[in-house]
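Close look at the chain arrangement
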Amino acid sequence: MQQEVTPLGFTRIKRVAPIAVNTHGGRAKCLQRLVRLDLPVPLTVALGFDAVHQLAEGRPIDITALLNVFGDAPLLSVRPSSEDPDWGGPGAILNIGMNDARHAELAEQYGQDDADTLYLRFVQAYAVHVERLDPELFEFDNSLTSGEALQRALEFYFEETDEDFPQDISLQLISVLRSMARAWEGTTARLLRQAKGAPADAGLGLVVQAMAPGLGGAQSGSGVVQLIDPNTGEQIVKGRFTRKSSDPAAPASATETLYLAKDPRGPSLEDVLPKAYTQLVHWAQICRTRLREEMEVKFTIQDGELHIIDAVRVPRSSRAALRAAVQLAEDKVIPVEEAICRVPPRSLTELLHQQVDPDAPRDVAARGIAASPGGAVGKIVFTSDAAQASEARGEPCILVRRETAPEDIRGMHSSVGVVTERGGATSHAAVIARGMGLPCVVGAGLRINHRKRTLTLEDGRELAEGDTLTVDGTMGEALMGEAKMLPVVKDKWYLQLMEWADSIRDIGVRANADTPADAAVARDFKAQGIGLCRTEHMFFEGDRLTVMREMIFAQTREDRHEVIARLLPMQRADFTELFQIMQGQPVCIRLFDPPLHEFLPSDRAGAKELAEALDLPLSDVTRRIEWLSEFNPMLGMRGVRLGITFPEIYEMQARAIFEATVEASKHGDPVVPEIMIPLVSAKREVELVKARVDAVATAVRGETGADFDYRLGVMVETPRAALRAHEIAQHAAFLSFGTNDLTQMAYGLSRDDAGRFMNAYVQQGVFPEDPFHTLDPDGVGELLQIGAERGRTTKPDLTLGLCGEHGGNPESIAFCRTAGFDYVSCSPFRVPVARLAAAQLVAKERLER
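Below is a short write-up of the structure. (Residues numbered from 1 in each chain as written. Predicted model: local features only at pLDDT ≥ 70, side-chain atom pairs only at ≥ 80, totals over all residues. Heavy atoms only, no water.)

**Details of the environment of isoleucine 409**
You can see isoleucine 409 is positioned in helix α16 (residues 409-413). For isoleucine 409, a relative accessible area of 14% translates into the label buried. Along the chain, isoleucine 409 and alanine 195 lie 214 residues apart, while their C-alpha atoms are 7.4 Å from each other. (Helix = DSSP H or I, 4+ residues; strand = E, 2+ residues; numbered from the N terminus. Buried < 20%, exposed > 50% of the residue type's maximum accessible area, 1.4 Å probe, protein only.)

**Some words on the pattern of salt bridges**
Close approach of charged atoms allows side chains of opposite charge to pair. Under the criterion given, the structure shown has 52 salt bridges. For aspartate 472, the salt bridge identified is with arginine 362, shortest N-O distance 2.8 Å. Of this pair, aspartate 472 sits in strand β23 (residues 468-472) while arginine 362 is found in the loop between β13 (355-356) and β14 (364-367), placing the two residues 110 residues apart along the sequence. Judged by relative accessible area, aspartate 472 falls into the buried class, the value being 2%. A residue is classified by how much of its surface remains accessible, and arginine 362, at 27% relative accessible area, is partly exposed. Overlapping salt bridges, with partners in common, bring together Arg292, Glu293, Arg316, Glu338 and Arg342 in one network. (Salt bridge = Lys/Arg side-chain N within 4 Å of Asp/Glu carboxyl O.)

**What about unusual backbone geometry?**
With phi around 60°, arginine 132 is a residue other than glycine that occupies positive phi space. Looking at the element boundaries, arginine 132 is found in the loop between α6 (112-130) and α7 (146-161). The phi angle at arginine 453 is positive, at roughly 55°, despite the residue not being glycine. A residue is classified by how much of its surface remains accessible, and arginine 453, at 39% relative accessible area, is partly exposed.

**Some words on helix α8 (residues 169-184)**
Counted at 1.5 Å a residue, the expected span for α8 with its 16 residues is 22 Å, and the 23 Å between its end C-alpha atoms agrees. Among the 16 residues that make up α8, 12 are buried, leaving the element largely enclosed by the rest of the structure. For α8, every residue scored as buried is listed here: Ile169, Gln172, Leu173, Ile174, Ser175, Val176, Leu177, Arg178, Ser179, Met180, Ala181 and Trp184. Its side-chain oxygen 2.9 Å from the backbone nitrogen of serine 170, aspartate 168 forms the N-cap of α8. (Expected span 1.5 Å × (residues − 1). Polar contact = N/O pair within 3.5 Å; in protein donor to acceptor, adjacent residues only side chain to side chain.)

Shown next as structure tokens:
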């Protein structure tokens, strides 16, 4: 039974026409705006999302009415029109309508060579993108004339398809439209745009436009103009003009390509066609001010007459995007609030990414293509699951793959850098890494052995999973070990944007900082204090680890006191330096949290070494390690449980904090430390610790003669603490929600092991997203809301914060702001991301008023 033929729905782009971004895409809407600005746009029609979906389904379509709009023997172009240009789309196809008859007409009108070139380009595009033939068959070197290359292309087309190249424009056009529609709805394209934030069912529009061929001599051609440098954002007339061409992107000889503005390196459009140049720049400036964006304007000139064929947002680096937004606001083209909203918070990660010091010694492991800039150091992993597990453990990792595929996107997200054995500048790894801001080297000189979990370098050296590697995405090199890094240089455009952001932001942003170096970075990134200082990290250093082990092996309380007394000056020095760096800002210090077994060796060789260091029998050391071992140590004797069982540890830390407070306050603003009790689940735990901390404070005041204030609070990491927050808040000045452990306990998931199945869970819709990456607003979020509401029922002025890594996530910040939290805290390098994300919440509200 013959299927019913459906007329193709389309809309001619005019000043008044029912065209919208969410039905026809951004390019179609932009072209309508150009028409409304009275710019010389060729005749154009737009196909909406529904029409393109019909094409992809393969239903018989009648395009007679569409062709009638353009009249007899037109040359047409088709370009994609997605809702967001960042979501991409199939490439444009030009010169539709070229056939033998049209070729002969153009040869007579403009010359044989120009006609041959135009026909050849269409045959190549049609063969590769519509018929999906091997691109290498249709690539020809300069030894052939355009006519010879055209003849070969037509012959290859016949050999591969058993058909002559189609001569009917109706067949050409419907085939092009259907091919582009199907390419958009393909699995790979869908996954790639979803990685950029597009919904799975995002639609595509198509724009069909009459072409001005740009042939005919020195006063004809095509080009593109931008008013900013796409790499830096500097305001400058930039672009090119190619004589006797209808496609600005098509290859051309050096003699046919001109600069736009006057340039000492060669002739320019301003030299050859000054009137057209002046008019072009004027129209580009109109596009900038009226479309309120830095635009890339594509144009053709036919016998001196200028045509605007397209205008899209200038593709730009993160640095250029930030500068462009600030410049548009300073020029009063857009309000400051819109400039704040135009910079994706996560793009600051790329903008502020550290770089490998070019002057430092470099032991090059492999060289490849510099696919995405920046430097990163991490341990080698070979699978996405391993990368996610590494991130869950808090260990930076470098994902090393033969080549990446869409299913590796989650692993790339968990990595700090990517290296691939294969691939080029436009490979999957390169494109995705640039979008994520990950340092990336592709096509590196190495061989991966997945069975042995090793990689072999060109010089024969071998690296194993877990070895340290440095990625220099700027230079295209992978380096052995940990290379020296340079801090990021922040320019005036970044500083201006962040000044605007901080002026409207209404939720605080602190940093998680465990060392003075971390605190210095946090201060540099304008963190409003330290929201989490994990003191246990200070005990893993050199001599301190030995002292900690002596304390663990002490047999009596008196022995422990004696050993802990040696730790006191070390802790006091640490805290004094932190307070001095963060002068005038709050510093929240979490008391000792991890189980004691983490400080002990896990193998016999380590136990023997420890026995020798402590002058103890190996059997005593082994028994002590076994006694401290637990079936589930993360739920065992750690946190406040350890502090109550061995109170001298918390007493020493409290004394170190208070003595450091007195010392730091002598040289600057008074310090008001915040002391946080970890892993609380009951009110009585807080009462016991608070009594001891208060007693230590009284003793230090008496010994030093100095007066000082401090705030005692609780880290809410257990569901019970959130549910009983109204009781716990009676003895706390603040509650800080540790969403890493809270998520772990709410889900019953181990952060260290969840990566083994998380991909399958997300792909099958069990979880919408990995809850360790993005705060779960329903389950964990409800615990946060309950804790916040119940805590403030008891104490209305209770300070609320979030100190898990979710604190740097824009979606989590929005949740915390809505829930009435006072601040979020995240790693130092994510502080700018959090500051901007928080400001955008206010800016969007102002723009919507």
